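# Fold and geometry: a report
Take a look at the letters that make up each chain.
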Amino acid sequence: ARLSGVESNQSFYAESLLLKGTSEDALKKGNPIASYNQCIQEADKFTGITKRTKFKRYFVLIQEQCIINKARILYREGKFKQAIDTYDLIEKTSYSWPYILLDKAWAYYKLEDYNRSLGIVMTYR
């Protein structure tokens, strides 16, 4: 209820969608994937609008957290290919990228793509 007070033109809107999706997932209410999708779009929009590098990084970080949370839900639901495709939205140059490698390796393992799973684990090493 409190998060609904954040307007879509406010700079904290993307972050409010991240919190909304996280709350929906934890409480098993609502549609967290829809909230994360909207978060991804809004963070991307604000990344394009803002001129300051620090703010751009902030919105990229919010966007990546929404991507990671969405992919983890898809994995939990057994949608391993969709989870991998979602993880692939994160650039390899991102600070978040190393943190998703093991998650991604498990998704490939569940798809019985053992070579790719092992390759990712070796990359992590």
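Just above sits the structure.
Everything in this summary refers to the structure shown in the same document. These numbers come from a predicted model, not from an experiment.

### Here's the deal with the side chain of E42
Mapped onto the secondary structure, E42 falls in helix α2 (residues 32-49). A polar contact is formed between the side chain of E42 and the side chain of K45, at a distance of 3.0 Å. Setting aside chain neighbours within four positions, we find E42 in contact with S8, Y13, A14 and L17.

### Some thoughts on the state of the cysteines
By the definition in use, this model includes 1 disulfide. The partner cysteine of C39 in its disulfide is C66, sulfur to sulfur 2.0 Å. Taking the sign of the torsion about the S-S bond as the criterion, the disulfide between C39 and C66, at about 75°, is right-handed. Taken together, the residues C39 in helix α2 and C66 in helix α3 (residues 53-76) connect sequence positions 27 residues apart. Judged on exposure class, the residue C39 and its partner C66 are both buried.

### Quick look at helix α4 (residues 80-87)
For α4, the set of buried residues is F80, A83, I84, T86 and Y87. Taken end-on, α4 shows its buried residues confined to a sector of 160°, consistent with a single buried face. In this fold, the buried residues of α4 make contact with α3 and α5 (97-110).

The rules we used
Residues numbered from 1 in each chain as written. Predicted model: local features only at pLDDT ≥ 70, side-chain atom pairs only at ≥ 80, totals over all residues. Heavy atoms only, no water. Helix = DSSP H or I, 4+ residues; strand = E, 2+ residues; numbered from the N terminus. Polar contact = N/O pair within 3.5 Å; in protein donor to acceptor, adjacent residues only side chain to side chain. Contact = heavy atoms within 4.5 Å. Disulfide = S-S within 2.5 Å. Buried < 20%, exposed > 50% of the residue type's maximum accessible area, 1.4 Å probe, protein only. Arc of directions from axis to C-beta.

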